[in-house]
Amino acid sequence: MLRGFRKFLCLLCAISLLAIPTRNVTYAEDNANFYVGTGIYDITGPAAEVVMMGYASNEQITEGIHLRLRSRAFIVADNTNNKRTVFVSADLGQLFQGVKQGVMRKLQETYGDLYRDENVMLSATHTHCGPAGHSHYALYNISAYGYIEENYDCIVDGVYNSIVRAHNNLEPGYIEINSSTLNGTSINRSIVAYNNNDEDERNIFTDDIDRDMVMLNFKNSNGDLLGIINWFPIHPTSMGNTNHYISSDNKGYASYLYEKTMGTDYMADKTFVAAFAQSDCGDVSPNIHGGEQGYGDNDFESTKFAGEQQYLKGLELSNSANTIVSGDIEYRHKYIDFSNISVAPEYTSYKCNSELPTEITEADHKLTYDAAIGYSFACGAEDGPSNIDMFHEGMTADDYPIDEGCNLVKTAQHFLNIIPEINTVNGLKYPELWEQHYPKPILFATGKGEPYPWTPEILPIQIMKIGQIVLVAVPAEFTSMSGRRLKRIVKQSMDKDSDIDHTVVLAGLSNAYSGYVATQEEYDVQHYEGASTHFGKWTLPSYLQEFHKITEDMKNNVATEPGPTPRDLKDEQMCFQTGVVLDNVPIGKDFGEVEEDVNSSYNIGDNVSVSFWTGHPKNDLKTQSTYLEVQKRVDNQWVTIANDWDWETKYRWIRKDPVWGSSLGKVEWIIPKDTMPGTYRILHHGAYKNGWTGDIIHFDGLSSEFQIN
C-alpha cells in the first residue's frame with residue numbers, strides 16, 4: 001500500500017513540474033533550482049508549575065511567559081527527482097528521541113513514506129527556559145517529577161504542524177549562502193579542558209571557540225525572501241537558573257527580531273520564518289564576563305545583547321549573500337549502539353591536522369561502553385552551577401578511587417541503596433565501569449537502569465547534502481574542538497576527488513539527546529563536559545569513524561544500513577505531578593476581575609502593570625494564541641499592538657492560595673521608545689477549571705484605559 005502511495009506522490013510531483021507556468025526569465029527565476037517551503041508553529045507548553053529543562057533545578061519552575069517557544073521548519077525539494085529534506089530548528093532544551101518518534105508517526109500517517117528518519121532533521125536551539133518532562137528517558141524527566149504528557153503533545157504537534165505548513169508552502173525557488181565570524185558575543189567557559197588539547201592542534205585556530213556563522217536565504221522564483229537559517233554556536237544560557245519565565249533566550253530573541261523586521265504573522269499559514277539554529281556549542285557561553293555574568297546588569301540585558309548581535313550579523317550576511325546553492329540533494333541516516341563500538345586507531349588518533357583515514361588497522365581498537373556520568377556532572381557548568389558543595393569540576397577517579405577511603409559523595413551514593421529504582425544506576429555498584437570510563441568516577445551508571453536505561457544508547461547519526469552544503473546532525477552537545485574534528489573529517493571526505501568546496505555545518509542537539517561529547521584530551525581533565533560524555537573516553541572517535549562511513553556511503557551512492565531500531569517508550573511513562581484540580585477566586589471576586597489596576601497615565605519607558613484573578617495556565621496553553629493583548633484605540637476601534645510573545649511584555653502567573661485554588665495573572669508592558677501617544681488598555685485571556693463539573697471555562701479580563709504621554 002505504501003509503495004503504491006509513493007508512486008502516486010511521484011506522479012503528482014511530475015505533473016506539478018509540468019504545470020509550472022513559463023514567464024520571462026529573471027535572475028531569480030533562472031536560479032530556481034529547488035522547491036522551497038517554510039513553516040512556523042507554537043510549541044510553548046505549560047506556563048505554570050512545570051520544572052524547566054536545562055539547568056535540572058527543581059526550584060526553577062515555570063511561572064509565566066516572556067518569549068514564546070516556536071518550531072521553525074524548512075523543506076528543500078529537488079526539482080528533478082523529488083528528493084527532499086526537512087530541517088527544523090525548535091526552541092527546546094533538547095530534541096529528545098521520543099519527540100522525533102512522535103513527529104515521524106504523525107508525518108507518516110499524513111504523507112506515507114515521503115518523510116522518513118533519513119530526510120527529516122530536527123534540531124533544538126537548547127534554551128534552558130522551557131518546560132521539561134517531554135523525554136521518554138528517566139534522567140531527563142526526574143527533575144520534572146516525571147513525564148508531562150501535555151508538554152510532550154504540544155511539542156510534537158507543534159513541530160509536526162510547522163513541517164505541514166512548510167510542505168504546503170513549497171514553491172519554486174533557490175537558496176543563497178553566506179558566512180562570516182561573529183566576535184564579542186561568546187567565550188569558552190571550559191578553558192582548562194580546552195587547553196588540554198594538543199598545542200599543535202590548538203595553534204591551527206585563532207580562537208578557543210568557533211565563531212563561524214553560516215547563513216542561508218530561502219527565496220522564491222520572484223526573489224522574495226521566504227525565510228533564513230542561521231547557524232552559530234552559543235549556549236542559550238543568557239537567562240540564568242533563577243528565571244521563571246518561559247523564554248527562547250538569545251537564539252529565540254534573534255529570531256524574534258528578524259521576524260519582527262520582516263513582519264511575520266505568527267497566526268498565518270504562510271509567513272516569513274527566521275531560524276537561529278544551534279551548532280557545536282558544548283563549551284561556548286554567552287556570559288562574556290565569565291561564570292553567570294553576561295552583558296548588562298541582568299539576564300534580560302544579557303539575552304538582549306547576545307540575541308541582537310546574532311540578529312544584526314545575520315541580517316548583514318543575508319543582505320550581502322550572493323552565492324547560489326547548486327547541486328543535488330542526498331542524505332544518509334543510521335542508528336548505532338554507542339555503548340558497544342570498536343574504534344580503529346586511525347580515529348582515536350585523529351586531530352584537526354590529521355590526514356583523512358584511508359586504510360583501517362585491525363589491531364589496537366578502543367571501545368565505547370555503557371553510558372555513565374561522572375562526579376563533575378553534578379556541579380553543573382560554569383554558567384549554570386548547581387552550587388552543591390561536594391561537587392566541583394575536575395573530580396577524577398585518581399582523586400576519588402572507588403576502592404579507597406570515604407567521602408561525602410560516596411556517602412551520598414550509599415544512601416541510594418534505600419531506593420531500589422535509583423540504586424540500579426548507583427555508580428558504586430559497577431567497579432568495571434570505573435575502569436572502562438577511567439579517569440571518570442561514576443556517579444550514575446545511566447546505561448544500567450532497569451527496566452530501561454536512564455539515557456538512550458541507540459542513537460541516530462545523520463548527514464544531509466543540499467548542493468555544496470553538508471549538514472551533520474549529532475544527538476549531543478559537541479565541544480568546540482570536538483565539532484572541529486568532526487566537521488573536518490566530513491569535509492575531507494566530501495572534498496576528496498571533488499572540485500566542490502563544501503560548507504560543512506554541525507547541527508547540534510539533533511534527533512535525540514545523549515549529553516556532551518568532549519575530546520579525549522578534554523575528557524581526561526573531567527570538567528563538566530567530560531563528565532557528561534556518556535560512553536567513555538572514545539566517544540568522539542566513535543562519532544568520527546561512523547560519520548566517515550556514512551559520508552563515504554553518500555559520496556559513492558552506496559546504501560547505508562539502517563542499524564538497530566531504538567526502543568519506543570511512549571507507553572512506559574509515569575508522572576508524579578497532579579494536574580489542575582480546580583480554580584477559585586476569593587469570595588466576592590470574579591474571574592477576569594482586576595485586582596491591581598493600571599495607572600491613569602504613563603511615559604515612554606515606564607512599566608505598565610495590571611493583575612487579574614485568573615485560572616491555571618494548564619487549562620489552556622494558548623497555543624497559537626496569547627494570554628494578553630496590549631491594545632491602542634484607533635478611530636474608535638481597539639487595535640492590538642503587543643502580545644505575550646513580544647519582548648516588551650511579560651505574563652506572570654502567581655499562586656495566591658493553593659488550598660482554595662486562587663491565582664493572579666500579572667501583565668507587564670515596558671513601553672517601547674517608538675510608542676505613539678494615545679489611549680491604551682490591556683486585555684487578559686484566561687481559563688478556569690470548574691471544581692464540580694471539571695469543565696474548562698474561558699474568560700477575559702480588561703484593565704482601565706490609560707494614556708501614554
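Anything mentioned here points back to the structure above.
The sections below set out a description of the structure shown in this document. None of the values given here were measured: they were computed from a predicted structure. The residue count restarts for each chain, going from 1 along the sequence in the order it is written. Given that the model is predicted, a residue must reach a pLDDT of at least 70 before its local features are reported, and side-chain atom pairs must reach 80 or more before they are shown or counted; all residues, however, enter totals for whole chains, interfaces and linings. Heavy atoms from the whole structure form the basis of all side-chain values; hydrogens and water molecules are not counted.

## Quick notes on the packing of aromatic side chains
Each pair of aromatic rings taken from Phe, Tyr and Trp, with Trp reduced to its six-membered ring, is defined by centres within 6.5 Å and is described as stacked if the planes are under 30 degrees apart, edge-to-face if over 60, and tilted in the remaining cases. This structure, assessed with the given rule, holds 31 aromatic pairs. Ring plane angle 20° and centroid distance 6.1 Å describe the contact between Y253 and Y256, whose orientation is recorded as stacked. Highlighted residues: Y253 and Y256, both in helix α8 (residues 249-261), separated by three residues, approximately one helical turn. Taken as a pair, Y253 and Y256 share a single burial class, namely buried. Geometrically, the ring pair formed by Y253 and W647 is tilted, given 4.2 Å between the ring centres and 35° between the ring planes. Put simply, DSSP marks the helices as runs of H or I at least four residues long and the strands as runs of E at least two long, and each gets a number from the N terminus on. For the exposure calls, accessible area comes from a 1.4 Å probe over protein chains only, and a residue counts as buried if that area is under 20% of its type's maximum, exposed if over 50%, partly exposed in between.

## A few points about the pairing of strand β28 (residues 628-634)
Every regular strand shows the same layout, with side chains that alternate between the two sheet faces. Of all the seven residues making up β28, five are buried; the element is thus mostly covered by neighbouring parts of the structure. As paired strands, β28 and strand β32 (residues 678-689) are joined by five bridges and run antiparallel to one another. Across the sheet, residue L628 finds its bridge partner in β32, namely H684. Here the rule is simple: two strands pair whenever DSSP picks up at least two bridges between them. The pairing of β28 with strand β29 (residues 637-643) spans six bridges and is antiparallel. Each bridged residue has a counterpart across the sheet, and for K632 the counterpart in β29 is V639. Taking the residues between adjacent antiparallel strands as the criterion, β28 and β29 are bridged by two residues, where D635 takes a positive phi near 55°.

## Some thoughts on the sheet that holds strand β30 (residues 649-657)
The strand order β7-β2-β3-β30-β31-β27-β25 describes an open sheet built from seven strands, whose pairing is antiparallel. Pairing within the sheet leaves two strands with one partner each, and these edge strands are β7 (130-131) and β25 (594-596). As paired elements, strand β2 (residues 48-53) and strand β3 (residues 61-65) share two bridges and run antiparallel to each other. Residue A48 lies in a different strand from β3, and its bridge partner there is E63.

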